[in-house]
Amino acid sequence: MNYYSALEVDLKERFDNLWNLVGNTPMIEISYTYKGKPGKIYAKCEHYNLTGSVKDRMALYILYNAYKEKKIQPGDVIIEATSGNTGIAFAALGRTLGHDVKIIMPNWLSRERIDIIKSLGADVILVSKEEGGFLGSIALSEKMAAQGGVFLPCQFENGSNASAHRLTTGPEISTQLQNIGLSCDAFVAGVGTGGTVMGTGAYLKTVNPAVKVHPLEPAESPTLSTGFKVGTHRIQGISDEFIPAILKMDELDSVVQANDGDAIIMAQKLSQQLGLAVGISSGANVIGAIKLQEQMGVGSVVVTILSDSNKKYLSTDLVREEPVKEEYISTNTDFKNYRSIRRLENPAFLSELN
């Protein structure tokens, strides 16, 4: 079946070009010691995507499906409420496809996020906590869309979000592991929209129904565990004040938590000890993976996501000295080296899209 049948020829070429720049990221096997005991985890390097984050996958697939289903028209303005990476993705992809883009986001997010979005030609509208914060950003996007001529990606409820990871991230993980004689025992990822953990987990379960799929949240703001917004945290991009509609907790395994200070130190160690310049949520994901590896035992294959690079956090606590606590996973972890697992020569999802 030709999924591009509803698209103009020039749009097909644009999407083909974009899919060559999004997805099919490298995976690495990270060797470490935790409390003196050696271990290994596996991570997808999502900072290799076009705009440097995992959000490129779902943003591109949402736009692709919107064109296929004629939900977006030439001249429509793309408006989205976001905590940063999704806004950057839609700004870049939207401009490539010829759309004006307006991004609505809470005003407490990093300066770099705002500047990158503006540099891509998009307008940024900042919303304070008094104006409703993240939920206020979503409400404003819906109000603006009611005026017409607008495409709302609605990342928190759009099924194409999870489908993007079911079609791309999950198959890539499975095939890359198979290429080195392994299979996934557990997958863990922080929850922003929930698309990554739901979509990736759904595919991995088709390969191995026994695989464990764990959502991760900040310990300081356990929204998933409580069912409502609690506390504040410094891991930008996850735990955005509510449980997203995409996330189905009854289809997932237990919630894993990471302290934000622990995540900051872990991200610093990944950079300083391995040269992996990643953001704070990547540090949190690695904490989750190490926790699961310790629980599941030697030889278990635990996979996570390095969600983005450190470039969006250079004005945050990521580049400041963080107090060390003995109970932190990062305090007791030292990284030794990593081994790269090559990208796929013929990603399966490309054949499905053409």
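Before any of the text, the structure's been laid out above.
The structure presented is a predicted model; accordingly, all values stated were derived computationally and were not measured.

Student: In this structure, what is going on with the overall build of the protein? I would like to understand it.
Tutor: Within the protein, the secondary structure is distributed over 11 helices and 11 strands. Relative to a compact globule of 354 residues, whose C-alpha radius of gyration would be 20 Å, the protein shows 19 Å and is just as compact. Seen through its principal axes, the protein has C-alpha atoms that stretch 60 × 50 × 35 Å. A buried classification covers 59% of the 354 residues belonging to the protein. With the model as given, the accessible surface of the protein reaches about 14,100 Å², and the carbon-plus-sulfur share is 49%. Across the protein, the centroid of the 34 positively charged side chains sits 3 Å from that of the 39 negatively charged ones.

Student: Whenever I open this one, the packing of aromatic side chains confuses me. Can you help?
Tutor: Aromatic rings considered in pairs are described by the distance between their centres and by the relative angle of their planes. Considering all chains together, one arrives at five aromatic pairs under this definition. Across the ring face of Trp 108, the terminal group of Lys 129 is positioned such that the distance to the ring centre comes to 5.2 Å.

Student: Would you explain the packing of helix 9 (residues 260-274) against helix 10 (residues 280-296) in this entry?
Tutor: Helix-helix packing: each pair is described by the crossing angle between the helix axes and the interaxial distance. Between helix 9 and helix 10, the shortest axis-to-axis distance is 7 Å and the interhelical angle comes to 95°. If you check the angle between helix 9 and helix 10, you find them roughly perpendicular. Taking contact as the criterion, the partners of Asp 262, Ala 263, Ile 264, Met 266, Ala 267 and Leu 270 in helix 9 are, on helix 10, Ile 280, Gly 283, Ala 284, Val 286, Ile 287 and Ile 290. Looking at the contact of helix 9 with helix 10 residue by residue, the class counts come to 10 nonpolar, one polar and one charged.

Student: Mind showing me how you'd approach the side chain of His 233 here?
Tutor: As for its position among the elements, His 233 is in the loop between helix 8 (223-226) and strand 9 (256-258). Side-chain polar atoms of His 233 contact the backbone nitrogen of Ile 235, separated by 3.0 Å. Within the local environment of His 233, its side chain forms a polar contact with the backbone oxygen of Ser 239, the two atoms lying 3.3 Å apart. Once you skip the residues sitting within four places of it in the chain, His 233 turns out to touch Pro 218, Glu 220, Ser 221, Ile 238, Ser 239 and Asp 260.

So, how was this worked out
Residues numbered from 1 in each chain as written. Predicted model: local features only at pLDDT ≥ 70, side-chain atom pairs only at ≥ 80, totals over all residues. Heavy atoms only, no water. Helix = DSSP H or I, 4+ residues; strand = E, 2+ residues; numbered from the N terminus. Rg over C-alpha atoms; globule rule 2.2 N^0.38 Å. Buried < 20%, exposed > 50% of the residue type's maximum accessible area, 1.4 Å probe, protein only. Areas by Shrake-Rupley, 256 points an atom, 1.4 Å probe, with all protein chains shown as cover. Lys, Arg positive; Asp, Glu negative; His and termini not counted. Charge placed at Lys NZ, Arg CZ, Asp CG, Glu CD. Phe/Tyr/Trp six-rings, centres within 6.5 Å; stacked < 30°, edge-to-face > 60°. Lys NZ or Arg CZ within 6 Å of the ring centre and 35° of its normal. Axes fitted to C-alpha atoms, helices over the stretch in contact; angles between N-to-C directions. Parallel < 35°, antiparallel > 145°, perpendicular 65-115°, else oblique. Contact = heavy atoms within 4.5 Å. Nonpolar A, V, L, I, M, F, W, Y, C, P; charged D, E, K, R; others polar. Polar contact = N/O pair within 3.5 Å; in protein donor to acceptor, adjacent residues only side chain to side chain.

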